[in-house]
Amino acid sequence: MTDPTAIQPSQLDQLPDRDPEETAEWRASLDAVTRAAGPHRAAYLMRRTLERAEGNGLALPKLLETDYVNTIPTAAEPTVDGDEEMERRITAWNRWNAAAMVTRGAKHGVGGHIATFASAAWLYETGFNHFFRGKESQDSPGSGDQLYIQGHASPGIYARAFLDGRLNETHLDNFRQEAGGNGLPSYPHPRRLPWLWEFPTVSMGLGPLSAIYQARFNRYLTNRGIKDVSASHVWAFLGDGEMDEPESTAALSLASREGLDNLTFVINCNLQRLDGPVRANFKIVQELEAQFRGAGWNVIKSLWGNAWDELFRLDTTGALVRRLREVPDAQVQTYQTRDAAYIRQDFFGADPALVELAKLLSDDKILECFHLSRGGHEARKVYAAYKAAVEHKGAPTVILAQTVKGHTLGAGFASKNANHQMKKLSTDEFKQMRDLLELPISDSRFVDGVVPYGHPGAGSPEVRYLQERRAALGGPAPARRTHALAPLPAPADKSFAAFDKGSGTQKVATTMAFVRLVKDLVRDKTSGKRWVPIVPDEARTFGMESLFPSLGIYSPKGQTYEPVDRDQLMYYKEAKNGQILNEGITEAGSMADFIAASTAYSTHGEAMIPFYIFYSMFGWQRTADQMWQLADQLGRGFLVGATAGRTTLTGEGLQHADGHSPVIAATNPAALSYDPAFAYEVATIVKDGLRRMYGEPAPGEDPNVFYYLTVYNEPLPQPAKPSGLGIDEGIVKGLYRFNTAESAGVEVGAANAPRIQLLGSGTAIHWALEAQRLLAAEWGVAADVWSATSWTELRRDALEADAALLRGEERVPYVRQALQGAEGPVLAVSDYMRQVPDQIAQWVEQDYSSLGADGFGLSDTREAARRHFGVDAQSIVVAALARLARRGEVPASAVKEARERYGL
């Protein structure tokens, strides 16, 4: 049988031991301490030794877990720079009004959350009073700190804005009632309340991910010389349950790898998520500590309040610390709701040493410790943790603050599994809360059972103190600013006009056309430096490697090695001031980059032009939630779905074949989705996007939009832009006639030949052009070909026209205007599922039908895939003949003959 105590083979066995005798003596000393004083004493001595070694700069791996106690001892806590009693009163008012606002709204059935802010109040208030810099701060003008507020804590933030005069009672009474235009959104939503909220966070997991990339983008701005925001600090407030989301921890290593000491996570460890305990049979604080320490973060635990100091002093055997570490979270939650006798038996009764310790404690002391005293509920401990965080250099910090969910809301709320869904307090519960918080609110103010709001008065000492503290820190927070930025000068027309003449016989894919356009635009002397190219480790796939040596890939360390391809023209170049963000294989991280860059005009008063290019299949499908976050945050920029289409990316197969990204994009109101067919269309769309988002938008145009362009990897000759009026307007609005049968020079024979309108988007227009030739040459049918650059924009324009009609305004949808007088039926085709072109069907007056690549993708040649989906030129011809046969314009036999001729 194997001896479990035997020394196992070690990695140290392969290293020379220059003094085996000394090594044996150290081992023997450890064994002796373990025998004489016990394993816990031996472990304590080993940890003290490791601390000493770290202090002396010895390169030893750190422990991933520490004991279940505070990182900062009470004796080491700094003096709070402020009036603690005044801050207690301010916090009490905010606690009251947050609960009152949600309770008053409950009668309308709109819901709201009370328990989260009740547990986290001091985590926010301490920051607002002492740490969070506003937009007018002297050391970070126009930027301040970036605050990612936990979504369910929003009532507490509104309560503070009410106290400082930015909101009134009418606002609070319209919580979650926005239809009238004066309401407060349920959670942090910049698009709904753009002067207050800066970052949307309630889609759990996206807040922490975005906070990391925001802190990283701040360094990017500084290192590139755009703006020095080195004094800005990013604070992300999170719940311990939220950390289950994979996005919450997806970029921890990035933050530590790049030394983002401008970033602090504050995790409210109330041990509860929405339905129950976060880690019922385990300890979430210890799990998170190990996870963050392992990722290289500085970890600060603030678990116990001052009442516990006496217990730790009495714990001469270490039994208390051992017991705290072994009790699972769900049992800690239970202690919160039980009496002293239960705690004496269950907690202290587990160890004879603890039984003796408990004899020295009164019932009141036990209840104070287990019911009330938490590190996250005491301003001094929160202050100490925050101060240590902002002073720590070289790594990001996470603060694990233990609290009680529903703290101060009474026994009916505190630590109950259902408290996330509990939306109101009774009158009696409010009166108990009032007495606990020592608020001067008389019983007479409770009229007809309606809880009153509380306010000490605009000129009260509390309000003056609050406003003075915020003034010293640079103004109100949270706050979003729309800076008065001058429009960016438009790049020279030659950058765009170069595509108007086409490529002649040279074959160019639209992906490459977009890359060539960007290469010209980043050279612009005025706006070129503001472009932020973002690529998730696919730059070479998209032909962007030529940008590496000219722009450089951003790295805070620069390039500390000689690249293997240094002797090549397009070598891999990293630089501290590099312009490209090459994020590795992470669409989520790339989108977080994009969001930070696209909102820099507001966050920092600097207009940046991000373009994020990705496999079209893996953009919207993977990160559509972040696209909604982008829309909510009023971001601007260009998303580019490259290698687009269900049949165009040869050989990759089902998982890479995008037949639906425009459908997902169409659901996002801020996304302007385009499927350009030709290089000149790409240039025209980008030019108009720069004007709208960064130049001077037309009256009624919202600049807070972003563009989604699908571009293809199929090299084809690029035609010249057609001459004539309205081409650019048609490209931007979504539809224009590319040619007619006559202008295409196809011979149809009879003067009164049947006619059909072929609408194609993206690469599908080339199949339509071939079908135009076949219809004329083999079937005597005249076809006009239209480029549908945006089915989605056509639909939105039509929806707006419908809404205008309901208001009594006469307005004709653009798609109907464009097709007015066009003869024959309309047949639309794209490399996407038919749902994409069918967006416009109800507004087309002609007989309308469509072809598309519905179903799963597959691996094969382009030709075989298009034949499989029935979208190639021959399939278009058969479909066109079928529509004309139904109208009696061609013989029905022609359809059968065509199918047989083409082998369909």
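The preceding data block contains the structure.
So, a few notes on the structure that sits alongside this text. The model shown is predicted, which means the values in this text are computed figures rather than measured ones.

Focus: the pattern of salt bridges
For the coordinates displayed, the defined rule picks out 63 salt bridges. Here Glu84 makes a salt bridge to Arg380, at a shortest N to O gap of 3.0 Å. Here the residue Glu84 occupies a position in helix 3 (residues 84-106), and Arg380 occupies one in helix 17 (residues 379-391), the gap between them amounting to 296 residues. What makes Arg380 partly exposed here is its relative accessible area of 41%. Arg796 is paired through a salt bridge with Glu793; the nearest N and O atoms lie 3.1 Å apart. Here the residue Arg796 and the residue Glu793 both occupy positions in helix 30 (residues 791-806), the gap between them amounting to 3 residues, near one helical turn. Like Arg796, the residue Glu793 is buried in the burial classification. Taken together, the salt bridges that share partners define one network made up of Glu85, Arg88, Arg89, Glu438 and Glu462.

Quick notes on the packing of aromatic side chains
Inspection of every chain in the model, using the stated rule, returns 44 aromatic pairs. For the ring pair Phe131 and Trp235, a centre distance of 6.2 Å and an interplane angle of 55° mean the geometry is tilted. Here Phe131 is found in the loop between helix 4 (115-130) and strand 1 (146-148), whereas its partner Trp235 is found in strand 2 (residues 234-239), with 104 residues between them in sequence. Phe131 gets classed as buried once you look at its relative accessible area, which sits at 11%. What links up through ring pairs into an aromatic cluster is the set Tyr68, Trp304, Trp308, Phe312, Tyr335, Tyr342, Phe347, Phe348 and Phe370. Residue placement shows Arg338 over the ring face of Tyr342; its charged tip is 4.7 Å from the ring centre.

What to know about the environment of Ala353
Here Ala353 is to be found in helix 15 (residues 352-358). Taking the C-alpha atoms as reference points, Ala353 and Gly318, 35 residues apart in sequence, are found 9.0 Å from one another. When sequence neighbours within four positions are dropped, the list of residues in contact with Ala353 reads Thr317 and Ala319.

Concerning the side chain of Thr510
Among the structural elements, Thr510 can be located in helix 21 (residues 510-521). Overall, the relative accessible area of 4% leaves Thr510 in the buried class. At a separation of 2.7 Å, a polar atom in the side chain of Thr510 contacts the main-chain amide nitrogen of Tyr712.

Concerning the packing of helix 33 (residues 873-886) against helix 34 (residues 892-902)
At a minimum axis separation of 8 Å, helix 33 and helix 34 run at an interaxial angle of 170°. Relative to helix 34, the element helix 33 lies roughly antiparallel. When helix 33 is examined against helix 34, the residues Gln874, Val877, Val878, Leu881, Ala882 and Ala885 are found in contact with a partner set consisting of Ala892, Ala894, Val895, Ala898, Arg899 and Tyr902. Looking at side-chain class alone, the contact of helix 33 with helix 34 contains 10 nonpolar, 1 polar and 1 charged residues.

Some words on the sheet that holds strand 4 (residues 298-302)
Taken together, the 5 strands give an open sheet; going across it, the order is 1-2-3-5-4, and neighbouring strands pair in parallel fashion. Because the sheet does not close on itself, it has two edges, and the strands there are strand 1 and strand 4. With strand direction ignored, the average angle separating the axes of adjacent strands in the sheet is 15°. Bridge count for strand 2 against strand 3 (residues 263-269) is 6 bridges, and the pairing is parallel. Among the inter-strand pairings, Gly239 is bridged to a residue of strand 3, identified as Asn268. Packed onto the sheet, helix 4 meets strand 1, strand 2, strand 3 and strand 5 (397-402) and runs at close to 150° relative to strand 3.

Procedures and definitions
- Residues numbered from 1 in each chain as written.
- Predicted model: local features only at pLDDT ≥ 70, side-chain atom pairs only at ≥ 80, totals over all residues.
- Heavy atoms only, no water.
- Salt bridge = Lys/Arg side-chain N within 4 Å of Asp/Glu carboxyl O.
- Helix = DSSP H or I, 4+ residues; strand = E, 2+ residues; numbered from the N terminus.
- Buried < 20%, exposed > 50% of the residue type's maximum accessible area, 1.4 Å probe, protein only.
- Phe/Tyr/Trp six-rings, centres within 6.5 Å; stacked < 30°, edge-to-face > 60°.
- Lys NZ or Arg CZ within 6 Å of the ring centre and 35° of its normal.
- Contact = heavy atoms within 4.5 Å.
- Polar contact = N/O pair within 3.5 Å; in protein donor to acceptor, adjacent residues only side chain to side chain.
- Axes fitted to C-alpha atoms, helices over the stretch in contact; angles between N-to-C directions.
- Parallel < 35°, antiparallel > 145°, perpendicular 65-115°, else oblique.
- Nonpolar A, V, L, I, M, F, W, Y, C, P; charged D, E, K, R; others polar.
- Pairing = 2+ DSSP bridges.

So, to be careful, I would describe these as geometric facts and stop short of saying anything about function.
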